[in-house]
Amino acid sequence: MTLNASELPWDESSGLETFLPLDLQESSSPPEVPPLTIWGVTLCVSGTLIATENAIVVTTILVTPSLRAPVFLLLASLGLADLLAGVALILHFLFRFCVEPSDWSELLTSGLLVTSLTASLCSLMGVALDRYLSLSHALTYGSSQSRRRAATLLLLVWLGACVIGAGPAMGWHCLEEPNSCSVARPLTRTYLSLLCGGFLMVVIVTLQLYAGICRVARRHAHAIATQRHFLPTNQPYPSKHSSGKGFSRLILVLSVFVGCWMPFSLWGLLGDASSPPLYTYATLVPAAGSSLLNPILYSLRNKDIRKVLLHACCPHRFSHSTHTHYPVDV
């Protein structure tokens, strides 16, 4: 996605002009590869980091037979979506600075980025749903039926993400009608409004699922405390420490989730082609930056995945023993 051209409140040498369409920058001159800028380097480095860390997560889950619980299928989907987001940023850098930009390259990178961000956000909702089900249906969690449901859910998520991401290539673009552009060229305002409206709905549903997780966790903690009322008052309650630690992690996860996705979702609904491009850049960066944080917040905090990675790095120090799954790690 590309920011729209308008009056920038800074000098063009700042480098943000590399996000602007060339035909609007200088319509009288033939297209040429723009000079490399600090924004371009940042774009390439960010995409490389995102692709690398998510490739590690996806590879770890796929090559480990013991990581086949529903939660790992969802984490693999999340990692694959964020991996594609990193690839989209790298392709945008290559098409912008290494070869002559063209309409098809804009449509390709925009479609891939929309697909990856849609799949990433829906996978995050799937992770929240999995955590809720693992608490409310603990006895049946991890069964073959649960894995089939998770696989079906992911299939629907990726089919939907691919259909939505194909929108720009199927005609939902403003390359021929600049007046219909949204805050993120070449997406039309109608297309981006529908996309951001869907993003907001997913965010709201995810928050509701985490609220349900809090309610179920409180009921479990109350039941445990009731059963242990006969313990001496000077003896610590492990469940209280775990609940406090889990609540802090939950607040961190939700803060990052809302902080990354809410700004661009709202700005995509409220802004238009005449809006300052700085606002679009400032809201789109956190949405893409969520792909950098997701592996740390979701996958690398999982005990099973950490064991596999530590065993791969130091096989003689860490034993690759039988795993005990911890689907809810918040």
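Just so you know, these numbers come straight off a predicted model, no measurement behind them. (Residues numbered from 1 in each chain as written. Predicted model: local features only at pLDDT ≥ 70, side-chain atom pairs only at ≥ 80, totals over all residues. Heavy atoms only, no water.)

1. Concerning the UniProt feature "transmembrane region" (unreviewed entry) in the protein
Right, on to step 1. Taking the UniProt record as the reference, the feature "transmembrane region" (unreviewed entry) is found at residues 38-64, 71-95, 107-129, 150-171, 191-211, 250-269 and 281-300.
Right, on to step 2. Along residues 150-171, the helical share is 73% and the strand share 0%, with 33 Å between the first and last C-alpha atoms. (UniProt positions renumbered as here; feature names shortened; annotations may be inferred. Helix = DSSP H or I, 4+ residues; strand = E, 2+ residues; numbered from the N terminus.)

2. What to know about the packing of helix α3 (residues 70-97) against helix α8 (residues 277-299)
Right, on to step 1. One can describe the packing of α3 onto α8 by two numbers: an axis separation of 9 Å at closest approach and a directional angle of 160°. With respect to α8, the axis of α3 lies roughly antiparallel. Here α3 runs over α8; the crossing is left-handed. Across from L75, L78, D82 and A85 in α3, the residues of α8 making contact are S291, N294, Y298 and S299.
Right, on to step 2. Residue composition of the contact of α3 with α8, grouped by class: 4 nonpolar, 3 polar and 1 charged. (Axes fitted to C-alpha atoms, helices over the stretch in contact; angles between N-to-C directions. Parallel < 35°, antiparallel > 145°, perpendicular 65-115°, else oblique. Left-handed = near helix turned anticlockwise from the far one by under 90°. Contact = heavy atoms within 4.5 Å. Nonpolar A, V, L, I, M, F, W, Y, C, P; charged D, E, K, R; others polar.)

3. A look at the side chain of T118
Right, on to step 1. Structurally, T118 can be placed in helix α4 (residues 103-136).
Right, on to step 2. Setting aside residues up to four positions removed in sequence, T118 forms contacts with A161, I164, L195 and F199.

4. A closer look at the packing of aromatic side chains
Right, on to step 1. Per the counting criterion, the structure on display carries 5 aromatic pairs.
Right, on to step 2. Centroid distance F93 to F97: 5.3 Å. Interplanar angle 40°. Geometry classified as tilted. On the criterion of helical spacing, the pair formed by F93 and F97 is a turn pair, its members being 4 residues apart in helix α3. Residues F93 and F97 agree in their burial class; the two are buried.
Right, on to step 3. Between the aromatic rings of F199 and W261, the centroid separation amounts to 5.4 Å while the plane-to-plane angle is 75°, which identifies the pairing as edge-to-face. Placement of F199 in helix α6 (residues 189-227) and of W261 in helix α7 (residues 238-270) is noted, with a sequence separation of 62 residues between them. The pair F199 / W261 is uniform in exposure class, with both members buried. (Phe/Tyr/Trp six-rings, centres within 6.5 Å; stacked < 30°, edge-to-face > 60°. Buried < 20%, exposed > 50% of the residue type's maximum accessible area, 1.4 Å probe, protein only.)

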